[in-house]
Every structure is written in C-alpha cells, then in structure tokens.
Amino acid sequence: MRVLVVTAVPAEREAVTRGCRRAEPPADSAADPPSDSRSGPPSGPPDVAVVAAGVGPAAAAAGTARALALAERDGRPFGLVVSAGIGGGFAPHVDGPLVATAIIAADLGAQTHDGFASLTELGFGTDRHPVPLALAGAVAKAAGAVLGPVLTVSTATGTAERAAELAARHPGAVGEAMEGFGVAEAATALRLPALEIRTVSNSVGPRDRAAWRVHDALEELSDAFTRIMPVLADWREGEST
Ligand SMILES: O=C(O)c1cccc(C(=O)CC[C@H]2O[C@@H](n3cnc4c(=O)[nH]cnc43)[C@H](O)[C@@H]2O)c1
C-alpha cells in the first residue's frame with residue numbers, strides 16, 4: 001500500500017524521509033510465520049511518498065489533493081494519507097509525539113453573539129475528521145505517542161487565554177498545528193483515511209519563539225517514523241477503524 005505523508009516545510013519532509021529510510025524491514029515471513037491467517041504474510045516496507053505542501057490548511061489541502069490526483073492519474077494510488085510535522089502541545093503534553101484521535105478545524109466557523117460557532121454547528125459542513133482509530137492506536141504505541149484530538153488553526157495560538165479557550169472547547173485536545181484538517185479534507189475527498197502525527201516544538205500558549213524546540217522536535221519526528229514504518233507496512237486498507 002502506498003502512503004502519502006504531507007508536511008508543511010522541507011525540514012519536516014527531510015526529517016520524515018530520514019526516519020523512513022532508517023526503518024528496519026518487517027521480520028521475514030520465513031523466519032516468523034504470521035500468527036493468524038487474517039494478518040497474512042508480513043508485507044515489505046510501505047511505499048512512502050513525502051511532500052512538503054506549505055504552511056496552513058489551504059496549502060496543505062491543495063498540495064495533498066495534487067499529490068493524490070497525480071498518483072491516481074499514474075495508476076499508483078495512495079491508500080493512506082498522514083499529516084506530519086512539528087506542532088504545539090497542550091499542557092501537560094509539552095514534548096514528544098502526538099497522534100490524533102480526531103483532526104479538528106478549531107477556528108473554522110463564525111463569531112456569534114454567543115461566541116464561536118463551528119462549521120458543524122452552523123450546518124455548513126464538518127469541522128472534524130475521524131481517523132482509523134485502530135491504526136492511530138497502533139501508530140501511537142509504536143511511536144510512544146500521546147493520543148488525543150489534534151486541532152488545526154489558521155492562526156497559531158499566542159496567548160494563555162486563547163489556549164484555555166481552545167482547551168475548554170476541545171476537552172482532551174493534545175496538540176495544535178496548521179495543516180492537519182486541510183490534509184484530511186483532501187484525503188476525504190478521495191475517500192481515503194487520514195492520520196495526523198506531530199512532535200511537540202512548543203507549548204500552546206503565550207508566544208515565545210525563544211522557547212521553541214524545533215531541532216529536537218524534528219529529530220523526534222524522524223525517530224517516530226522509524227518506529228511506525230512496520231505498523232504502516234502491515235496495515236491493510238479497510239481494516240477496522
Ligand atoms: O511566531 C509565532 O509566535 C508562532 C507561533 C506558533 C506557530 C508559528 C508558526 O509559524 C507555525 C508554523 C508551522 O509549525 C507548526 N506549528 C508548530 N507549533 C505550532 C503551534 O503552537 N500552533 C500552530 N502551529 C504550530 C504549524 O503546523 C506550521 O506548519 C509561529
């Protein structure tokens with residue numbers, strides 16, 4: 001199965017690519033026969049393509065849609081789409097990897113007299129995409145990641161008040177970034193499952209660029225992909241979500 005990984009910037013794409021290349025192939029089927037017929041023989045490493053589509057949900061959606069369409073045209077369709085990169089963590093998740101249990105557009109909607117109304121609440125569509133939960137759980141286990149909703153914003157949070165507002169609206173949210181919902185929108189348009197994995201570069205809250213751990217987060221992103229490649233290799237489209 002082909003996997004499309006979409007990042008925002010080239011540095012994230014290169015980190016993911018490094019991680020994929022380091023991954024050991026799954027155990028040889030001759031040495032380790034499958035434990036049950038359902039799983040079938042272990043497959044080889046997944047065919048992973050990594051693209052840097054740009055920062056923000058619109059660039060992410062456009063870049064994902066383009067990559068998916070070209071693959072369809074070439075007769076080499078993708079079976080899974082992953083939004084990956086650095087992101088902000090909601091306390092206490094202030095470092096390490098995060099895997100989305102839902103991909104939520106947190107500022108897609110309208111300001112009303114009663115506060116923010118999401119696209120879903122307005123009746124104009126959806127503000128959230130589900131993920132294949134069994135796969136997300138297996139990916140999180142392999143990566144040592146925290147599971148929870150990951151928010152997509154067009155405006156990165158820069159105050160404690162905004163962080164608290166988002167956390168109150170989305171109980172259990174573990175992270176914030178700017179591309180996941182765009183990637184998931186494009187994947188959903190082609191009826192493909194989507195995941196989001198982030199490694200925390202900063203805490204969601206007061207703007208403090210000096211406190212960002214971008215290099216560490218990129219190294220952790222690379223390591224996460226080394227760890228999850230065997231999981232992606234053995235996942236079959238249409239498996240229980
Ligand atoms: O200049 C700032 O204060 C600032 C604060 C948060 C994010 C940015 C970005 O330009 C984000 C660009 C890029 O990184 C991802 N990212 C990383 N941390 C966060 C975050 O806390 N909130 C949203 N996005 C974040 C994001 O996915 C973008 O690709 C600048």
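For the protein, an unreviewed UniProt entry supplies the name Futalosine hydrolase and the organism Streptomyces alkaliterrae. In its Sequence similarities (unreviewed entry) section, the UniProt entry covering the protein states "Belongs to the PNP/UDP phosphorylase family. Futalosine hydrolase subfamily." On record in UniProt, under Function (unreviewed entry), the comment for the protein is "Catalyzes the hydrolysis of futalosine (FL) to dehypoxanthine futalosine (DHFL) and hypoxanthine, a step in the biosynthesis of menaquinone (MK, vitamin K2)."

Caption draft 1: Seen up close, the overall build of the protein. What the protein contains, in helices and strands, is seven helices and 10 strands. Here the protein has roughly 11,400 Å² of accessible surface; of this, 55% comes from carbon and sulfur atoms.

Caption draft 2: Focus on the environment of Val51. Turning to its location among the elements, Val51 is positioned in strand S2 (residues 47–52). Sequence-wise, Val51 and Val9 are 42 residues apart; in three dimensions their C-alpha atoms are separated by 8.7 Å. Each residue touching Val51, except ones within four places of it in the same chain, is listed here: Leu4, Val5, Val6, Thr7 and Arg13.

Caption draft 3: Molecular detail of the packing of aromatic side chains. Going through the model one piece at a time under the given rule, you end up with zero aromatic pairs. The side chain of Arg209 reaches across the aromatic face of Trp212, ending 4.5 Å from its centre.

Criteria and cut-off values
- Residues numbered from 1 in each chain as written.
- Predicted model: local features only at pLDDT ≥ 70, side-chain atom pairs only at ≥ 80, totals over all residues.
- Heavy atoms only, no water.
- UniProt positions renumbered as here; feature names shortened; annotations may be inferred.
- Helix = DSSP H or I, 4+ residues; strand = E, 2+ residues; numbered from the N terminus.
- Areas by Shrake-Rupley, 256 points an atom, 1.4 Å probe, with all protein chains shown as cover.
- Contact = heavy atoms within 4.5 Å.
- Phe/Tyr/Trp six-rings, centres within 6.5 Å; stacked < 30°, edge-to-face > 60°.
- Lys NZ or Arg CZ within 6 Å of the ring centre and 35° of its normal.

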